Amino acid sequence: QYTRGTVTAFSPFDARADAEALRKAMKGMGTDEETILKILTSRINTQRQEIASAFKTLFGRDLVDDLKSELTGKFETLMVSLMRPSYIFDAHALKHAIKGAGTNEKVLTEILASRTPEEVRNIKQVYQQEYEANLEDKIIGETSGHFQRLLVVLLQANRDPDGRVDDALVEQDAQVLFRAGELKWGTDEETFITILGTRSVSHLRRVFDKYMTISGFQIEETIDRETSGDLEKLLLAVVKCIRSVPAYLAETLYYSMKGAGTDDDTLIRVMVSRSEIDLLDIRQEFRKNFAKSLYQMIQKDTSGDYRKALLLLCGGDDE
C-alpha cells in the first residue's frame, strides 16, 4: 500500500549469501561494519527476517545476538532496530516507553498521533500477543488527566472514515472549538479531545480552515495558548498529523537533531519505522520547511558507521 519509502525490496535477493557475508563480517578479530550496514540498510524488513532465519539455519547462531555482541553504541541500536520485525516495531517502542521509572510521553505522542486507525488496531493486537498485556490498560496506568483521555480516544482507533464532507458540520465544529478555547475563560479540553480524536481527516482539514476564518488564529496557536504540558504536545501532534503525517515526522526529525546534542532514539525510530512507508515524502517536507535537506542535517549531526547507515536509509540528498 505504501510506495514512498526509501528502502525497497532488494533484487536478486539471496538470504543465504547475505547470511554468509554477515557471518564473515563478524567472525574472528575485528568486525567489518561496512558490510553489515550495507546489507541491512538495503534490504526490506521481510528480507532481513529471511536473512536471520538463514543465519540460524547455517550457523546455529542468532543474528541479533551476534550484532549486539559485535557492535556498540548508537550504531548497534540502529542495526538491531532494523532487525526488529516491522509488525512489532511500534508495539515494542510503546512497551519501552511505558516500562519502569517514568513514562516516555514523547514516544506515546509520536506513535499514537501519527498512525492510522488500522495501524493502531494492529499495534494493540500485536501488543496483546507479544507481551500478554493490554496496551490501553498499561497506558492508563502510566498517564493521567486530559492527556490520558486523548490517548485513550486515539487508542479506540474509531476515527470517522473519510467521506463526503458536510459543510454545516464543518461550520459547527469550528464554532464549537472556538467557543471551547478562545471564547472561554479556562478551556473546555474535552471538546478538543472529542472533535480532534474522532472526526475524519478530510473533515478536520476543512474545520481548521474554517476555524482560521472565524477566529483569525490557526488552531495550533489556540492550542499553544490555551493548553500546556503533555496534553498540549499531543493535541499539536494530532493537528499536525491531520494536516500531514510526513510534515509532522519531518519536524520530529528536525528537532531530534537541532541544537546541542541529538535525540538518537527518536532519530532511529523515525528513520527505521518510515523507511519503507513515506520517508521520501518526509524528505520532501523536510527540505520545504527547514531550508536544508534531511541528508545534510544527518551528515552534520552524526558520525562514523552510524552516520553512514543513516545516510543510506535516507537514500539521497534533496538539493
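Nothing here was measured: the structure is a model prediction, and the numbers come from that model.

Rules used in this analysis
Residues numbered from 1 in each chain as written. Predicted model: local features only at pLDDT ≥ 70, side-chain atom pairs only at ≥ 80, totals over all residues. Heavy atoms only, no water. Phe/Tyr/Trp six-rings, centres within 6.5 Å; stacked < 30°, edge-to-face > 60°. Lys NZ or Arg CZ within 6 Å of the ring centre and 35° of its normal. Core = buried A, V, L, I, M, F, W, Y, C linked by side-chain atoms within 4.5 Å. Buried < 20%, exposed > 50% of the residue type's maximum accessible area, 1.4 Å probe, protein only. Helix = DSSP H or I, 4+ residues; strand = E, 2+ residues; numbered from the N terminus. Contact = heavy atoms within 4.5 Å. Polar contact = N/O pair within 3.5 Å; in protein donor to acceptor, adjacent residues only side chain to side chain. Salt bridge = Lys/Arg side-chain N within 4 Å of Asp/Glu carboxyl O.

**Regarding the packing of aromatic side chains**
Step number 1: One pass over the full model with this rule turns up seven aromatic pairs.
Step number 2: Centroid distance Tyr 254 to Tyr 255: 5.1 Å. Interplanar angle 80 degrees. Geometry classified as edge-to-face.
Step number 3: Taken together, the aromatic side chains of Tyr 254, Tyr 255, Phe 286 and Phe 290 make up a single cluster linked through ring pairs.
Step number 4: If you follow Lys 95 out to its NZ or CZ, it ends over the ring of Tyr 131, 5.2 Å from the centre.
Step number 5: Here the guanidinium or amino end of Arg 225 rests over the ring plane of Phe 217, the centre of that ring lying 4.3 Å away.

**Some words on the nonpolar core**
Step number 1: Grouped together as the largest cluster of nonpolar side chains are 98 residues, with contacts concentrated most on Met 79 and Met 271.
Step number 2: Counting residues per element, this core draws most heavily on helix 15 (residues 229-243), at nine residues.
Step number 3: The contacts of Met 79, once residues within four sequence positions are left out, are Ile 36, Leu 37, Leu 40, Leu 71 and Ala 309.

**Side note on the side chain of Arg 43**
Step number 1: Considering the arrangement of structural elements, one finds Arg 43 in the loop between helix 2 (33-41) and helix 3 (45-59).
Step number 2: Given a relative accessible area of 6%, Arg 43 falls into the buried group.
Step number 3: A distance of 2.6 Å separates the side chain of Arg 43 from the side chain of Ser 42, its partner in a polar contact.
Step number 4: In contact with Arg 43, other than residues within four places in its own chain, are Val 7, Phe 10, Phe 13, Asp 18, Arg 48 and Ile 51.

**So, the environment of Glu 190**
Step number 1: Among the secondary structure elements, Glu 190 is positioned in helix 12 (residues 189-198).
Step number 2: What makes Glu 190 exposed here is its relative accessible area of 53%.
Step number 3: Sequence-wise, Glu 190 and Ser 275 are 85 residues apart; in three dimensions their C-alpha atoms are separated by 35 Å.

**A few points about the pattern of salt bridges**
Step number 1: Under the counting rule described, the total for this entry stands at 20 salt bridges.
Step number 2: For Lys 74, the salt bridge identified is with Asp 264, shortest N-O distance 3.9 Å. Of this pair, Lys 74 sits in helix 5 (residues 73-83) while Asp 264 sits in helix 17 (residues 264-274), and the two are 190 residues apart along the sequence.
Step number 3: For Asp 264, a relative accessible area of 15% translates into the label buried.
Step number 4: The partner of Glu 251 in a salt bridge is Lys 240, and the shortest N-O contact between them spans 2.8 Å. In this pair, Glu 251 sits in helix 16 (residues 245-257) while Lys 240 sits in helix 15, placing the two residues 11 residues apart along the sequence.
Step number 5: Residue Glu 251 is classed as partly exposed on the basis of its relative accessible area, which comes to 25%.
Step number 6: Overlapping salt bridges, with partners in common, bring together Glu 34, Lys 38, Asp 305 and Lys 308 in one network.

**Describing the environment of Asn 134**
Step number 1: Checked against the element boundaries, Asn 134 lands in the loop between helix 8 (117-131) and helix 9 (135-142).
Step number 2: When its relative accessible area of 34% is taken as the criterion, Asn 134 is described as partly exposed.
Step number 3: Taking the C-alpha atoms as reference points, Asn 134 and Lys 124, 10 residues apart in sequence, are found 7.4 Å from one another.
Step number 4: For Asn 134, the residues in contact, after removing those within four places along its chain, are Tyr 127 and Gln 128.
Step number 5: Separated by 2.8 Å, the side chain of Asn 134 and the backbone nitrogen of Asp 137 make a polar contact.

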